[in-house]
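Examining the three-dimensional arrangement
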Amino acid sequence: MISEHCNQIFEQAISDYHRFNEVEKQCKNPFVPVTLDNLLYAKCWIDTAQWHMEDEIRNPSIQPLEVVKWKRSIDASNQDRTDMVEYIDSYFHEKYKDIQPLASARINTESPAWAIDRLSILALKIYHMREESLRTDADKAHITECKNKLAILLQQRIDLSTAIDELLEDIEKGEKYMKVYRQMKMYNDPELNPVLYNNKK
C-alpha cells in the first residue's frame, strides 16, 4: 500500500533530521534521484525543517529582525514544499496517464500528492506529540492530555492512509481521475505581486 510506504519514508526523514536538529542542515537524501522515494523523503525533510522554523518565530523574546529572517525562510520553504507536491503529483499523473476514466468517473477534492502532503504533516504531529507524552519535566495532566491527543493522531493517520490508498485504487480502476493544477501563488512572483512590481519602478 502506498500510504504505508509513505509513512515509513516520512518516519525515516523525521528521524534523520532530528539526529542533527538543525534547520539549515543540508538534506542528504538516501534514495535514488528522480524516484518517488526521493521526492517523498525530500518533501518530509522540508516539512520537518519548516516545523522548527515555525517554532522559532513564535519565541516571545524574538527580536524584530529575527522575525523577518524566519518569515522569509518560511516563505522560501513553503515554495519548496509546493514544488515538491507538484513533482509528486506529476509522478502519479504520468503513472496513470494511460488509464481511461469511466464515463461515471469523478474527480477528487484534492490530488494524491496533496493528500500525501497532509500525511507528511501528520507524521510530524505524531513525532512531536509522542515526544511531549514522554517528557519527564511535565506534570501528569500534561502527559495524559498528550497521550490522548497522540491516540487521536494515530487514528487519524490510519484513516488518512486508507483514504489515500482508496483514492489511488479508484484512479487505477478509472472510477476517479486526477488533474495537476500548477501553483498560482502570487506573492512570490515579481510580475503578480504589486508591492514587488511597483518597487521596480
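All figures in this text were calculated on a predicted structure; none of them were measured in a lab.

1. Notes on unusual backbone geometry
Despite not being glycine, Asn21 has its phi angle at roughly 55°, a positive value. Along the polypeptide, Asn21 turns up in the loop between helix 1 (2-18) and helix 2 (36-57). At Val34, a residue that is not glycine, the phi angle is positive and equals roughly 60°.

2. Overview of the state of the cysteines
Inspection of the entire model under this criterion finds zero disulfides. Note on Cys6: no disulfide assigned, nearest cysteine sulfur contributed by Cys44 at a separation of 10 Å. Overall, the relative accessible area of 1% leaves Cys6 in the buried class. The closest cysteine sulfur to the non-disulfide-bonded Cys27 is located on Cys44, 9.8 Å from its own sulfur. Its relative accessible area of 28% is what places Cys27 among the partly exposed residues.

3. So, the layout of surface pockets
Its volume calculated, the largest pocket comes out at about 360 Å³. Contributing to the lining of the largest pocket are 17 residues, with Val23, Ile46, Ala49, Met53 and Asp80 lying nearest its centre. Of all elements in the fold, only helix 2 and helix 3 (64-95) reach the threshold of two or more residues within the lining of the largest pocket. For the lining of the largest pocket, the element with the most residues is helix 3, which contributes seven residues. A breakdown of the residues in the lining of the largest pocket according to their chemical character gives 10 nonpolar, three polar and four charged. There is about 240 Å³ of room inside the second largest pocket. As for the second largest pocket, its lining consists of 19 residues, of which Asp89, Ser111, Trp114, Lys179 and Tyr181 are closest to the centre. Breaking the lining of the second largest pocket down by element, the ones donating at least two residues are helix 3, helix 4 (112-133) and helix 5 (140-173). With four residues, helix 3 is the largest single contributor of residues to the lining of the second largest pocket.

Calculation rules
- Residues numbered from 1 in each chain as written.
- Predicted model: local features only at pLDDT ≥ 70, side-chain atom pairs only at ≥ 80, totals over all residues.
- Heavy atoms only, no water.
- Helix = DSSP H or I, 4+ residues; strand = E, 2+ residues; numbered from the N terminus.
- Disulfide = S-S within 2.5 Å.
- Buried < 20%, exposed > 50% of the residue type's maximum accessible area, 1.4 Å probe, protein only.
- 1 Å grid on protein atoms, 1.4 Å probe; cavity = no way out; pocket = protein on both sides within 12 Å on 5 of 7 lines; lining within 4 Å.
- Points joined across faces, edges and corners; volume = space filled by probe spheres on them.
- Nonpolar A, V, L, I, M, F, W, Y, C, P; charged D, E, K, R; others polar.

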